[in-house]
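Summary of the model geometry
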Amino acid sequence: MKKVFEKIVEGILACSGFVTSLTIVLIVLFLFSEAVGLFNSRVIEEGYVLALNKDNKVSELTPVQIKDIFDEEITNWQEVGGENLPIRLFRLEDVTRYYTEEQLGASYENVGACITDLVERTPGIVAFVPQQFIGSSGAVRLLPDNTISLKDVFAGAEWFPTATPAPQFGFLPLITGTLWVSLFAILIALPFGLAVAVYMSEVANHKIRNLMKPIIELLSGIPSVVYGFFGLIVIVPFLQKVFDLPVGESGLAGSIVLAIMALPTIITVTEDAMRNCPRAMREASLALGASQWQTIYKVVIPYSISGITSGVVLGIGRAVGETMAVLMVTGNAAVIPHTILEPLRTIPATIAAELGEAPAGGAHYEALFLLGVVLFFISLLINFTVEAVSSGKRK
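Parameters at a glance
Residues numbered from 1 in each chain as written. Predicted model: local features only at pLDDT ≥ 70, side-chain atom pairs only at ≥ 80, totals over all residues. Heavy atoms only, no water. UniProt positions renumbered as here; feature names shortened; annotations may be inferred. Buried < 20%, exposed > 50% of the residue type's maximum accessible area, 1.4 Å probe, protein only. Helix = DSSP H or I, 4+ residues; strand = E, 2+ residues; numbered from the N terminus. Pairing = 2+ DSSP bridges. 1 Å grid on protein atoms, 1.4 Å probe; cavity = no way out; pocket = protein on both sides within 12 Å on 5 of 7 lines; lining within 4 Å. Points joined across faces, edges and corners; volume = space filled by probe spheres on them. Domains from an automatic or database assignment. Salt bridge = Lys/Arg side-chain N within 4 Å of Asp/Glu carboxyl O. Axes fitted to C-alpha atoms, helices over the stretch in contact; angles between N-to-C directions. Contact = heavy atoms within 4.5 Å.

As recorded by an unreviewed UniProt entry, the protein carries the name Phosphate transport system permease protein and is attributed to Bacteroides eggerthii 1_2_48FAA. You can read under Sequence similarities (unreviewed entry) in the UniProt record for the protein the words "Belongs to the binding-protein-dependent transport system permease family. CysTW subfamily." Looking at the Function (unreviewed entry) heading of the UniProt record, one finds this comment for the protein: "Part of the binding-protein-dependent transport system for phosphate; probably responsible for the translocation of the substrate across the membrane."

Here it is, written out as structure tokens:
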């Protein structure tokens, strides 16, 4: 009977492990399945076209060029490989500037013919209009509408998913913002966390340790929005004053907040790992003439390196995946930061802020899922790097 019970328990545990692993795999596959559709989406907004006069020599425009043209940053066709001719923008709502209501018709039934006629008569025009309003006239040429490419996404320097006529899905500002904030958060949290863990494990007496440990563990239970409020009220004005910044919301503010949030995890896991170092190893080191600090550095830390690594990985995971606190203190600016004192935006903050507003199944929605895939690989890469470094130290 006992063996049967053990077999049942063993089967339950095996099933639990299998279900957990399968769930993780299915989540990753779901992210990929939702994200891959982005590269089948068209550059120009669905249902619309860009119409040119047949004499215009420009054969193709990149998404960035389209946006710059309609933002009037590019004003001459010569700047995009065409003739020396001023660009004349036309949107559907501009039709009443060129034609009267009588010409358009009582029910606007003549809009298509009017727009086609306007494009035929205007060499420098580029018309962003619904596809059904452009006739089959030989004097009108449609710009080819390519699909969104890997280069547009991963090498794009601008994130503007609501831009018309060509939304911008450049990941570079979000990836660099995430890496900046996470890197500085770990650079701040790791030395402090390791120092506090060493103090609590090897230096502090029993009373101080029993007082500090529950306080530090309590910090892990504070909601992230509370850390965000603290950063917004205390850290942001402090940084603005110290560094004489126009605004205090910056990557450094986000890094400090994330470092504070990661500290409890790093301290708790690291301290537990150090306390698990056998007493006999400490005593042997001291008996051989090593000082207390030499014993900590030469014996305790190398023995506990796997636990320290786990604490670092968990702390990095907290930093990389945090949303609300970062959203509140980093300025939420989707631009490539050149210093840590500039406003920026991270991948998790972007997903949290925009997923609820993105139309399900649209390019914006798929781009946010692709950001989730990128975040997954960033976390995976960091974990592998930390494991590789710790393995090297153990050897």
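From this point on, the discussion continues.
Strand 1 (residues 48-53) sits mainly inside the fold: 5 of its 6 residues count as buried. Inspection of the sheet shows strand 1 paired to strand 3 (residues 125-130) by 5 bridges, in the antiparallel sense. Across the sheet, A51 pairs through a bridge with A127, a residue of strand 3. In the sheet, strand 1 pairs with strand 4 (residues 140-142) via 3 bridges, with the strands oriented antiparallel. Across the sheet, the residue bridging to L52 is R141, located in strand 4.

Quick look at the layout of surface pockets now. Here the largest pocket defines a volume of roughly 560 Å³. Along the wall of the largest pocket there are 27 residues; nearest its centre are E45, E46, P167, A363 and H364. At the level of elements, strand 1 and helix 15 (363-394) are the ones that each hand at least two residues to the lining of the largest pocket. For the lining of the largest pocket, the two domains that each supply at least three residues are domain 2 (48-146) and domain 3 (171-392).

Further remarks concern the pattern of salt bridges. The full count for this structure, using the stated rule, is 11 salt bridges. Residue D272 is joined to K213 by a salt bridge in which the shortest nitrogen-to-oxygen separation is 3.1 Å. In this pair, D272 is assigned in helix 9 (residues 251-275) and K213 in helix 7 (residues 206-219), connecting sequence segments 59 residues apart. Given a relative accessible area of 33%, D272 falls into the partly exposed group. For K213, a relative accessible area of 23% gives the class partly exposed. Because the salt bridges share partners, they merge into one network encompassing K213, E217, E271, D272 and R275.

Hydrogen bonds between backbone atoms are what pair the strands of a sheet, whose relative direction is either parallel or antiparallel. Strand order across the open sheet formed by 4 strands is 2-3-1-4, with mixed pairing between neighbours. In this open sheet, the two strands that pair with only one neighbour each are strand 2 (88-91) and strand 4. Neighbour to neighbour, the strand axes of the sheet diverge by 30° on average, direction disregarded. Of the strands in this sheet, strand 1, strand 2, strand 3 and strand 4 are in contact with helix 4 (residues 111-121), which crosses strand 1 at around 40°.

A few words now on the pairing of strand 3. Here strand 3 lies mainly inside the structure; 6 of its 6 residues are buried. Note that strand 2 and strand 3 share 4 bridges and pair parallel. Note that in strand 3 the partner of R91 across the bridge is F128.

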